[in-house]
Amino acid sequence: TARGAHVSLGRYRLWGAGLAAAGAVISIKWDFSDAIDAQARSKHMLVAAHSVRASAIITLLVGQGGIAFSQASAFFHWLAILDPTARISNSYAMLSRLSARLAANRPAMLWLSRLGLIGGTVVVVSTVALLILDESALEKWCSKCCFRIKKTTEGYEKDTEELEALFSAIREIA
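Quick caveat: nothing in here was measured; it's all calculated off a predicted structure.

J.: What's the story with helix α3 (residues 73-82) in this structure? I'm lost.
T.: Every α-helix carries 3.6 residues per turn, so stepping three or four residues along brings you back to the same face. Taken as a whole, α3 has its buried residues at Ser73, Phe75, Phe76, Leu79 and Ala80. Taken end-on, α3 shows its buried residues confined to a sector of 165 degrees, consistent with a single buried face. The inward-facing, buried residues of α3 contact α1 (2-40), α2 (44-70) and α4 (88-104).

The structure is reproduced here in structure tokens:
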């Protein structure tokens, strides 16, 4: 039972890390595209906040991915002995040895856990900073609508665009 639990734990950790990696890649892409948009608007604080958050997500991804890999030794060993004649069996055996070696390396595991802790903390802090610094959708609509205070700024070209942006901003608030 314990061996099966170790195999399942490794499998679940790897699947979780894979799903988290997919989400992290999307989040990093969005952060970099938002940083480019903020750079075009000359909002340097937003550029810095988005860049810091993207870097922290990468750090978090490395830390948590390494920890998940270190927990998967039993899973890789199980895959290796499932069909010992298959070519890929040697690859699974090698991954099992690497995973066990990483799990036994205390300084590496400490470093990976610190990466996760520091990366997670920086992600939360930079997200709060972005919530404070960035305009909401309603604020963006107010600065471009026909009732805007500064008529020198560019407004919406068509009424339909303005109404769509308003309804979108209201949906975001609700």
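Moving on from the coordinates now.
J.: Help me understand the pattern of salt bridges in this model?
T.: Pairing between side chains becomes possible if they bear opposite charge and their charged atoms approach one another. Evaluation of the coordinates by the stated rule reveals one salt bridge. Note that Arg53 and Asp31 form a salt bridge whose closest N and O atoms lie 2.6 Å from each other. One end of the pair, Arg53, is in helix α2; the other, Asp31, is in helix α1, and 22 residues separate them in sequence. The two residues Arg53 and Asp31 agree in class, both being buried.

J.: Where do I start with the packing of helix α6 (residues 137-144) against helix α7 (residues 159-173) in this structure?
T.: Any two packed helices are characterised by the angle at which their axes cross and by the distance between the axes. Here α6 crosses α7 at 155 degrees, and the two axes come no closer than 8 Å. Put simply, α6 runs roughly antiparallel to α7. Two packed elements cross with a definite hand, and for α6 against α7 that hand is left-handed. For the pair α6 and α7, contact is made by Ala137, Leu138 and Trp141 and by Glu162, Ala165, Leu166, Ala169, Glu172 and Ile173, respectively. Its residues assigned to classes, the contact of α6 with α7 shows seven nonpolar, no polar and two charged.

J.: Where do I start with the environment of Gly10 in this structure?
T.: Locating Gly10 in the fold gives a position in helix α1. Taking C-alpha positions, Gly10 is 8.4 Å from Ser70, a pair spaced 60 residues apart along the chain. With near-sequence residues (within four places) excluded, Gly10 lies in contact with Gln71, Ala72 and Phe75.

J.: So what exactly am I meant to see when it comes to the nonpolar core here?
T.: Note that soluble globular proteins tend to have their nonpolar side chains buried in a common cluster. Formed by Ala24, Ile28, Ala54, Ala56, Ile57 and Val123, the largest nonpolar core amounts to six residues. Listed by contribution, the elements that provide at least two residues to this core are α1 and α2. Considering each element in turn, this core owes the most residues, three residues, to α2. Not counting residues up to four positions away in its chain, the partners in contact with Ile28 are Ala54, Ile57 and Ile58.

J.: It is not clear to me how the packing of aromatic side chains should be interpreted in this structure. Could you clarify?
T.: Remark: the centre distance and the inter-plane angle together describe each pair of aromatic rings, the angle taken between the planes. In this structure the tally under the stated criterion is four aromatic pairs. Between the aromatic rings of Phe69 and Phe76, the centroid separation amounts to 5.8 Å while the plane-to-plane angle is 50 degrees, which identifies the pairing as tilted. Residue classification places Phe76 among the buried residues on the basis of a relative accessible area of 7%. Taken together, a centroid distance of 6.0 Å and an interplanar angle of 45 degrees make the contact between Phe75 and Phe76 tilted. Judged by its relative accessible area of 12%, Phe75 is buried. An aromatic cluster of three or more residues is present, and its members are Phe69, Phe75, Phe76, Trp78 and Tyr92.

Calculation criteria
Per chain, residues are indexed from 1 in the order of the written sequence. Totals for whole chains, interfaces and linings use every residue, but because this is a predicted model, local features are given only for residues with pLDDT of at least 70 and side-chain atom pairs only at 80 or more, for both listing and counting. Computation of side-chain values covers all heavy atoms of the structure but excludes hydrogens and water. Throughout this description, buried means an accessible area under 20% of the type-specific maximum (1.4 Å probe, protein chains only), exposed means over 50%, and partly exposed covers the range between. Strands here are runs of E lasting at least two residues and helices are runs of H or I lasting at least four, both read from the DSSP assignment and numbered beginning at the N terminus. Think of it as the arc spanned by the lines of direction from the helix axis to the C-beta atoms. Here a residue-residue contact requires only that any non-hydrogen atoms of the pair lie within 4.5 Å. Any Lys or Arg side-chain nitrogen found within 4 Å of a carboxyl oxygen on Asp or Glu counts as a salt bridge. Under this scheme, a helix contributes an axis fitted over its contacting stretch, all axes are lines through C-alpha atoms, and angles between N-to-C directions fall in the 0 to 180 degree range. Convention used here: angles under 35 degrees read as roughly parallel, angles over 145 as roughly antiparallel, angles from 65 to 115 as roughly perpendicular, and any remaining angle as oblique. Each crossing gets its handedness from the near helix: less than a right angle anticlockwise from the far helix is left-handed, clockwise is right-handed. Under the convention adopted here, Pro, Cys and the residues Ala, Val, Leu, Ile, Met, Phe, Trp and Tyr are nonpolar, Asp, Glu, Lys and Arg are charged, and Gly plus all remaining residues are polar. For the purposes of this section, nonpolar cores are sets of buried Ala, Val, Leu, Ile, Met, Phe, Trp, Tyr and Cys residues that join through side-chain atoms within 4.5 Å. Geometry of aromatic contacts follows a simple scheme: Phe, Tyr and Trp rings, the Trp one being its six-membered ring, pair when their centres are within 6.5 Å, and the pair is stacked under 30 degrees between planes, edge-to-face over 60, tilted otherwise.

What is shown is where atoms sit, not what they do.
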